[in-house]
Amino acid sequence: MIDEYTPQRPGVESVDADNLQLFCGDELPSIGTAVAIGDGDRRLFAVVRRHAGARRVDAWLPCRPDWVKPTTPIEPTGRPAGFAPPQQGPLTIDASLIRPAEPDDVLLWPEAPAYNELSGRRGVVKTDIAALDVLAPICAGGLNLIIDQSKRCEAFFRLASLTFDDLNPESALYAGHRGDPAQLGDNIHWHIDAGDSLNTQIASLQLAIAASPTLRTHRSATAVVELPDLHPHPPSATPAQDGRRRGIADIVARLGRHLVSTDEAELTTLLLLRPPSDNPGLATIIDSLSLGDVDATLVIDEEGRLMPERSSSDAPLDDEDQQLRQQHQQTMHLARRAADKSAVFGDVELTDDERRAIEEAEEFRVRV
């Protein structure tokens, strides 16, 4: 029986959406390197994401074609995985994107900046929208999450345009499919077309991560990134659908480690999260995602107005604006108490101060 034993050959062992588990045998490739998938005329490259143990690795191949399946042969290249930087027009995503890196290629799986390289400096983006700039200012040099429920996300893209106007970055990236990069400014050096599918939208996030070291070669940079579309979680989800959700959580969590400012470069990032129209509540959606730590969270309602009671920011304010913020927060607190009181006893029981607080708090819900 021992003489009849045939050792397992290196190859694809299992597939889960665009994620692969590869059996590599004794030649275990390093994380971030390219692995050839297939042979002959059908040959693509995946990137090693992590070591899975037992001589296996997890790898990623965007837009995996159907012929990549268990038993497909593999061959480690020993070279970093990369892709050609965009020259003109948007960078589109397909299965042939990854290759063993050439000298001028962008590395697909870069190392995140070390903790001692990170910058603690933060500023305030001035949009000239008074309530927003005081209650929940966009944080210059930070990671800003904008949850936009408005139609076609007009509010998010206006905020992005105002951010460009104020910061005038030397380099910029746009990764998404809803917006027109021409409306954001003339210095969009990176346009990553995220497409309409969940797989390409996830892939666009990894490409944004890959571009982050290039963005930080400039003193100031801005990244505008759309997170993948959210869909209701079906109770009968298939394993492939489960894999896609895990991919979103994994890649989005990494955004906060890569799209960051360092001592040498200020990188301001705006993330768009678009809830589904039939969502059961923003709190449920936010709590169910691994979004990492953000410097500011802005929530926009269906009419494109700021929801100050759901928004927050760690951007540093000067003494005058800090005092004004405290006054506004006290007004909103009184307005909430007054609304609860009115719901039980009616408006006739409200004091003049409570009525004024309700009116002023409504003015804070500025249209973006």
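Note that the coordinates shown come from a computational prediction; the quantities given were computed from them, not determined experimentally.

Definitions and cut-offs
Residues numbered from 1 in each chain as written. Predicted model: local features only at pLDDT ≥ 70, side-chain atom pairs only at ≥ 80, totals over all residues. Heavy atoms only, no water. Pairing = 2+ DSSP bridges. Helix = DSSP H or I, 4+ residues; strand = E, 2+ residues; numbered from the N terminus. pLDDT = per-residue confidence, 0-100. Contact = heavy atoms within 4.5 Å. Buried < 20%, exposed > 50% of the residue type's maximum accessible area, 1.4 Å probe, protein only. Core = buried A, V, L, I, M, F, W, Y, C linked by side-chain atoms within 4.5 Å. Polar contact = N/O pair within 3.5 Å; in protein donor to acceptor, adjacent residues only side chain to side chain. Salt bridge = Lys/Arg side-chain N within 4 Å of Asp/Glu carboxyl O.

**What to know about the sheet that holds strand 16 (residues 296-300)**
Sheet strands associate in pairs through backbone hydrogen bonding, adopting either a parallel or an antiparallel arrangement. As summarised here, the arrangement of the 7 strands in space is 13-12-14-15-11-16-17, forming an open sheet in which the pairing is mixed. Each edge of the open sheet is held by one strand with a lone partner, namely strand 13 (188-193) and strand 17 (312-313). Alignment of strand 11 (residues 143-148) against strand 16, held across 5 bridges, turns out to be parallel. Bridged to Leu145 within strand 16 is Thr297.

**Comments concerning the pairing of strand 2 (residues 19-23)**
Direction of pairing for strand 1 (residues 11-16) relative to strand 2: antiparallel, over a ladder of 5 bridges. Considered in strand 2, the bridge of Asp16 is made with Asn19. The antiparallel hairpin formed by strand 1 and strand 2 contains 2 residues in its connecting segment, where Ala17 sits at a positive phi of about 60°. Here 5 bridges tie strand 2 to strand 5 (residues 56-60), and the two strands are oriented antiparallel to one another. Within strand 5, the residue paired with Leu22 across the bridge is Val57.

**Quick look at the confidence of the model for the protein**
Mean pLDDT over the protein works out to 88, with 88% of the residues at or above the 70 mark. The model gives residues 234-247 a pLDDT under 50, and that stretch makes 17 contacts with residues more than four places away or in other chains.

**As for the environment of Ile300**
In this structure, Ile300 sits in strand 16. Separated by 153 residues in the primary sequence, Ile300 and Ile147 have C-alpha atoms spaced 6.0 Å apart. Aside from chain neighbours lying at most four places away, what touches Ile300 is Ile146, Ile147, Asp148, Gln149, Ala155, Arg305, Leu306, Met307 and Val368.

**Considering the pairing of strand 15 (residues 266-273)**
Strand 15 sits mainly inside the fold: 7 of its 8 residues count as buried. Taken together, the 5 bridges between strand 11 and strand 15 define a ladder with parallel strand orientation. Bridging across to strand 15, Leu143 finds its partner in Thr269. One ladder, built from 7 bridges, connects strand 14 (residues 220-226) with strand 15; its direction is parallel. Across the sheet, Val224 pairs through a bridge with Leu270, a residue of strand 15.

**Observations concerning the nonpolar core**
It is characteristic of soluble globular proteins that their nonpolar side chains tend to be buried jointly. With 42 residues, the main nonpolar core has Phe83, Leu108, Leu173, Leu207 and Val225 as its most contacted residues. Top contributing element to this core by residue count: helix 3 (residues 198-215), with 9 residues. The next biggest cluster of nonpolar side chains, apart from the first, holds 29 residues, and it includes Ala131, Ile138, Leu159 and Leu270.

**Some details on the side chain of Gln149**
Mapped onto the elements, Gln149 comes out in the loop between strand 11 and helix 2 (154-167). Of the polar contacts made by the side chain of Gln149, one reaches the backbone oxygen of Ile300; its length is 3.1 Å.

**A few points about the pattern of salt bridges**
For the structure shown, the criterion picks out 19 salt bridges. Here Asp295 makes a salt bridge to Arg122, at a shortest N to O gap of 3.6 Å. Separated by 173 residues along the polypeptide, Asp295 in the loop between helix 5 (282-287) and strand 16 and Arg122 in the loop between strand 8 (106-107) and strand 9 (123-124) bring together distant segments of the chain. Judged by relative accessible area, Arg122 falls into the partly exposed class, the value being 29%. Here Glu303 and Arg367 are joined by a salt bridge, their closest N and O atoms 4.0 Å apart. Separated by 64 residues along the polypeptide, Glu303 in the loop between strand 16 and strand 17 and Arg367 in the segment after helix 7 (352-364) bring together distant segments of the chain. The network of salt bridges with shared partners includes Asp301, Glu303, Arg305, Glu309, Glu362, Arg365 and Arg367.

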